[in-house]
There are 2 protein chains.
Amino acid sequence: MVPMARAATTSDVFNAIAEPQRRQILVLLRAGERPVTELAQELGMTQPGASKHLRVLREVGLVRDRKAGKQRLYGLDARGLRPVHEWTGGFERFWNESFDRLDAYVQDLKQTRQEE
Amino acid sequence: MVPMARAATTSDVFNAIAEPQRRQILVLLRAGERPVTELAQELGMTQPGASKHLRVLREVGLVRDRKAGKQRLYGLDARGLRPVHEWTGGFERFWNESFDRLDAYVQDLKQTRQEE
DNA sequence: TTGACGTATGCCGATATCGGCATACGATGG
DNA sequence: CCATCGTATGCCGATATCGGCATACGTCAA
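Residues numbered from 1 in each chain as written. Chains lettered and ligands numbered in written order. Predicted model: local features only at pLDDT ≥ 70, side-chain atom pairs only at ≥ 80, totals over all residues. Heavy atoms only, no water.

(A) Here's a closer look at the relation of the copies chain A and chain B. Least-squares fitting of chain A to chain B yields an RMSD of 0.0 Å, with the superposition described by an axial translation of 0.0 Å and a rotation of 180°. A rotation of that kind, with that shift, is consistent with a two-fold axis. Within chain A, the C-alpha atom positioned nearest to the axis of rotation is that of His85 of chain A, 2.6 Å from it. The residues that chain A uses at the interface reappear at the interface of chain B in 100% of cases, marking a shared surface. (Least-squares fit on C-alpha atoms with pLDDT ≥ 70 in both. Contact = heavy atoms within 4.5 Å.)

Next comes the structure, spelled out in structure tokens:
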């Protein structure tokens, strides 16, 4: 039996956006297509570093590239973010409720302390 | 200079939900509080495995625990998911637009091929 | 073809991650 | 106090990740 370091899909959208720098890249790309060098410079990272992050983003489909002369322009394809948005949205009704629950929880704690 | 394996916060909410099993745990907890053993059994994982995932979820604040006699009940605190929902929501208007852009992109490809 | 520019890839070291297992910890009941 | 149940932690091996660096690749211009 061969141990795995990460279950199932080691490279899905959730994983891709777990990296802060990759999220920054996506944000920048909302303004339009950009070459790698420009992205790297704006984010204060090396060109190879930016290329690697873009590779991950491309493999999960969040980014696409097209040749523009000598350059290669990267553009946003945000459709892959929709499942993440919807998944988190499934917890929307708990955002308010959990405040109440937390209050109840705190009340329980107080009461427990008094009983001791 | 000490190299880092992951930039900045190695344990934020984005990272916590990057793990499929941890997402499953959160989904299960929507039905209410549960002890570790029950979660482990329902998800087909070992008890130590479940405990470790719950620890990560607790450290990022997505889950809280309270003692209930001999047991320890884990409950959902979904407030931390809100930033993720909002961040992805920032790309909402690109979900439809990217369809168009993709079409334009495909058109460009066809045209490029014809020109060659 | 050769050179220059833009970009991708390969290798490395340090570290983080995950599953599996054994075992320690903690609380309850007898 | 002692045993038992529920849970957490520690250690291990395999692998993934990230940054830095050098360098290969590809394209255009002269």
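Right, picking up where we left off after that structure.
(B) Spotlight on the pattern of salt bridges. For the structure on display, the rule yields 16 salt bridges over all chains. Taking the shortest distance from any N to any O, the salt bridge between Arg34 of chain A and Glu38 of chain A comes out at 3.2 Å. In this structure Arg34 of chain A comes out as buried when scored by relative accessible area, which is 16%. Arg79 of chain B is the salt-bridge partner of Asp77 of chain B, the closest N and O atoms lying 2.7 Å from each other. Linked through salt bridges whose partners overlap, the residues forming this network are Arg34, Glu38 and Glu42 of chain A. (Salt bridge = Lys/Arg side-chain N within 4 Å of Asp/Glu carboxyl O. Buried < 20%, exposed > 50% of the residue type's maximum accessible area, 1.4 Å probe, protein only.)

(C) Spatial organisation of the pairing of strand E2 (residues 63–68) of chain A. All names here are of chain A. Taken together, the six bridges between E2 and strand E3 (residues 71–76) define a ladder with antiparallel strand orientation. Its bridge partner lying in E3, Val63 is registered against Leu76. In this antiparallel pair of consecutive strands, E2 and E3, the connection spans two residues, and Gly69 shows a positive phi of 65°. (Pairing = 2+ DSSP bridges. Helix = DSSP H or I, 4+ residues; strand = E, 2+ residues; numbered from the N terminus.)

(D) The arrangement of the interface of chain A and chain B in detail. On the chain B side, the residues contacting the 38 residues of chain A number 38 residues. Note on chain A versus chain B: buried area summed over both sides is about 4200 Å², and carbon and sulfur give 63% of it. Contact with chain B buries area across many residues of chain A, yet Arg79, His85 and Trp95 of chain A alone supply 16% of it, more than any other trio. Seen at the junction of chain A and chain B, the total is two salt bridges. In this structure, Arg23 of chain B engages Asp12 of chain A in a salt bridge whose closest nitrogen and oxygen atoms are separated by 3.6 Å. The tally of links from chain A across to chain B stands at nine residue pairs in polar contact (both at pLDDT 80 or more). Top element by residues in the side of chain A that touches chain B is helix H6 (residues 92–115) of chain A. It accounts for eight residues. (Buried area = accessible area lost by both parts, 1.4 Å probe. Polar contact = N/O pair within 3.5 Å; in protein donor to acceptor, adjacent residues only side chain to side chain.)

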